[in-house]
Amino acid sequence: MADQTTANTVGAAGQNLTDSPHYLAETLIKNGVKHMYGVVGIPVTDFARIAQGMGIRYIGMRHEEDAVNAAAAEGFLTGRPGVALTVSAPGFLNGLAPLLEAKENGFPVIMIGGSSSRHVVDMKEGEYEGLDQMSYAKDFTKESFRIDRIEDIPLAVARAMHIACSGRPGSVYIDFPDDTVAQTLDKDAAAKQLWVANDPCPKMPPAQESIDKALDLLASAKNPLMLIGKGASLAQAEDEVQAFVNATDIPYQPMSMAKGLIPDTDPHCTASCRGLALRTADVVLLVGARLNWMLNFGEGREWNPDVKFIQIDIDPNEIENARSIACPVVGDIRSAMQMLNDGLAKKPFKASKEWLEMLAADTAKNDAKFGPKENADTMPMGHYNALGAIKKVYDKNPDLYLCNEGANTLDDCRDIIDIYKPRHRLDCGTWGVMGCAVGYAIGAAVTTGEKVLYIGGDSGFGFDGMEVETACRYGLPITFVVLNNGGIYRGDFLNLGNDGDPSPLTLTYEAHYERMIEAFGGKGYYATTPAEVEQMVGEAVASGKPSFVHVQIAEYAGKESGHIGNLNPKPVVGPLADSECTKYPYKEGAHM
Ligand code: ADP
Ligand code: MG
């Protein structure tokens, strides 16, 4: 523990010298970085200590994947890249999957990886954890850099800030080799060279012609629909999007991480009648949502065969990724929505009453069908009534950041729990990955200082669950809720052989996940009824302390692959019918 407590100015390495760790920390701070999430070891332990001593809040995590996810959550919530730190080779490699996920999701994040001296790695001499990390990172990020000289530190940080934030945001890797870590620079020269990235997320307004064309197309529509994606959340375009809805009455469909951009309870929201809305809309305004697998590529039974799309996206490469787009609008969403709002003075349009009434009637019908399931007293509980009980707590705490992962726990939670504020729901994202949401919960709690609710399935939680220790160590206001059905998808799958082992999908149904947090000083609860769920989650959230509610649901609750079972190719040769694979034969009613 050398000099970190006094090292709050560049120059701690000597009277007139600074060194790379101090200079990098100083540059990050000047660029507005307040937190760093990581796992220390050779050669970056001192860098973390120094950064902490200089005022960056350092969050020591238990796995690099979670550290990068925490930093990515910070990026999603603020529009500025979160920063993660890893050691060389294995630590670095653990960070690659979430870097690629962040690139896919468009979350701005910078990962700094300590690495070994170039010459020993390049000659393949057998260095400790020697790996050409920058080259590996290229395919997993928007861009990767290596700092070979201490004087390049401000350049590396400025490049990383611009690339992480601008255009479609994403991930950047900075390689920090140990021979650079050891370099020094004259203090005055260092101070002179330091600069702050200017306007890393610039406005990029679209062409006026594309806006005019979009408004003409919308005015010609019988059933116009707006589809809001997480690009609109990233763009922080809530005011402009809300103003457009107010002015035009256009109904909208929120994608998962766009929920809450406008409160889900707004009468224009078509979340409860998605099927009908997509099947009957004739002009669809895509606001930061890709026509990827989640939207069936804009084709097929889900869509009106004559639908025309207007696509607002900052990335021109995204236009017509899967099908023809009648009106591309390339630019940033805030500018584009502002221009659409302004254009309404000359080219006004309003969604018709008949269209809105048709959607409202379908919403009412679906709510009447699902409402009783969410409020049922059926025992053992299923996903619907367990989540229905949590919804009651969430409705009283609409400021809670919700981080969600799982299969059925993800799909049903997205449908059941309304979100009321922008960027308050973080989940498995474009790839549907497991093992992201505990990291997201930690990033959200650190970034905002607000309370966070994690809701995961027992399988999803298993990937990143060790981070409950991190939550306890830093006293973060996170309530973890795990819905345990004892397996991947559900817990009652059978071993089709006769060796007596659990099936490939089976986990421990008789578990007590809440005891994990008790091991680290947090408070655990075990709930078996909806009333207990509501009471215990309510109490845990109110405490504002690290807390954990294990929710025991039925072993047979849930469907294989949740709502995306259709993506599962079914082997032609049995016995793999659900009824032959499970203890409790699957039937529609059993999904609860
Ligand atoms: P979802 O999963 O919610 O449907 P996607 O991740 O598929 O959303 O799509 C988000 C889109 O938003 C991406 O194509 C991305 O390029 C775009 N995007 C991100 N930020 C902005 C922005 N500030 N302005 C315009 N488009 C953006
Ligand atoms: Mg499960």
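Every chain is numbered independently, its residues counted from 1 as its sequence is written. Chains carry letters from A onward and ligands carry numbers from 1 onward, assigned in written order. Selection of residues for local features in this predicted model requires a pLDDT of at least 70, selection of side-chain atom pairs for listing and counting requires 80 or more, and totals for whole chains, interfaces and linings are taken over all residues. Processing note: side-chain calculations cover all non-hydrogen atoms of the structure and skip hydrogens and water entirely.

**Q** What exactly am I supposed to notice about helix H2 (residues 45–53) here?
**A** Residues spaced three or four apart along an α-helix point in a common direction, a consequence of the helix completing one turn every 3.6 residues. If you check which residues of H2 are buried, you get Phe47, Ala48, Ile50 and Ala51. For H2, the angular spread of buried residues about the axis comes to 165°, placing them on one side. Should any heavy atoms of two residues lie within 4.5 Å, those residues are considered in contact. Strands are runs of DSSP state E lasting at least 2 residues, helices are runs of H or I lasting at least 4, and numbering of each runs from the N terminus. Packing partners of the buried residues in H2 comprise helix H1 (20–30), strand S2 (35–38), strand S3 (57–60), strand S4 (82–86), strand S5 (109–115) and strand S7 (171–177). Residue Gly55 follows H2 closely and has a positive phi angle near 115°. Only protein chains enter the calculation, and the probe is 1.4 Å; a residue is then buried if its accessible area is under 20% of its type maximum, exposed if over 50%, and partly exposed in between. Here, the arc refers to the directions that run from the helix axis to the C-beta atoms.

**Q** Help me out: how do you make sense of the nonpolar core in this one?
**A** Only buried Ala, Val, Leu, Ile, Met, Phe, Trp, Tyr and Cys residues count toward a nonpolar core, and they belong to the same one when joined by side-chain atoms within 4.5 Å. Within the largest apolar cluster, 55 residues are counted, with the highest numbers of intra-cluster contacts made by Ile442, Tyr454, Ile478 and Phe480. Going through the elements one at a time, helix H3 (64–78), helix H4 (90–105), S5, strand S14 (401–405), helix H18 (437–448), strand S16 (452–457), helix H20 (468–473) and strand S17 (478–484) are the ones with two or more residues in this core. Ile50, Ala51, Leu85 and Phe176 belong to the second-largest nonpolar core, a separate cluster that totals 38 residues.

**Q** I would appreciate a short explanation of the site of ligand 1 in the present structure.
**A** Taken together, 19 residues surround ligand 1, and among them Arg168, Lys230, Arg290, Asp313 and Ile333 come closest. What qualifies as a polar contact is a pair of N or O atoms within 3.5 Å, subject to a donor-acceptor requirement within protein and to the restriction that residues adjacent in sequence count only when both atoms come from side chains. Side-chain polar atom of Arg290 to an oxygen atom of ligand 1: 2.7 Å apart, as the coordinates give it. Within the contact set of ligand 1, a nitrogen atom lies 3.1 Å away from a backbone nitrogen or oxygen of Ile314. Using a 1.4 Å probe, the Shrake-Rupley method yields the accessible areas, and only the shown protein chains count as cover for residues. In the complex, 95% of the free accessible area of ligand 1, which totals 580 Å², lies under the protein chains. Here the shell around ligand 1 is built from residues that sort into six nonpolar, six polar and seven charged. Here a residue is considered near a molecule or strand provided that any single heavy atom belonging to it is located within 4 Å of it. Residue polarity follows a fixed list, in which Ala, Val, Leu, Ile, Met, Phe, Trp, Tyr, Cys and Pro are nonpolar, Asp, Glu, Lys and Arg are charged, and the others, Gly among them, are polar.

**Q** It is not clear to me how the packing of aromatic side chains should be interpreted in this structure. Could you clarify?
**A** Two aromatic rings are characterised by how far apart their centres lie and by the angle between their planes. Each Phe, Tyr or Trp ring (for Trp, its six-membered ring) is paired with any other whose centre lies within 6.5 Å, and the angle between the two planes then decides the class: stacked below 30 degrees, edge-to-face above 60, tilted in between. Under the definition given, this model contains 14 aromatic pairs. Through successive ring pairs, a cluster of aromatic residues spans Tyr454, Phe461, Phe480, Tyr513 and Phe548.

**Q** Teacher, can you tell me more about the confidence of the model for the protein here?
**A** Caution applies to low-pLDDT regions: their predicted coordinates should not be interpreted in detail. The predictor attaches a confidence to each residue, called pLDDT, with possible values from 0 through 100. Per-residue confidence for the protein gives a mean pLDDT of 94, with 95% of residues at or over 70. Segment residues 1–9: pLDDT under 50, and 10 contacts once partners within four positions in sequence are set aside and those in other chains are kept.

**Q** In this structure, what is going on with the pairing of S3? I would like to understand it.
**A** Residues in a regular strand project their side chains so that they alternate between the two faces of the sheet. Only when DSSP finds a minimum of two bridges between them are two strands counted as paired. Judged from the four bridges that link them, S2 and S3 form a sheet pairing that is parallel. Within S3, the position partnered with His35 by the bridge is Arg57. Handedness of the crossover joining S2 and S3 through H2: right-handed. Look down the strands so they point away from you; if the path from the first strand over the helix to the second goes clockwise, the crossover is right-handed.

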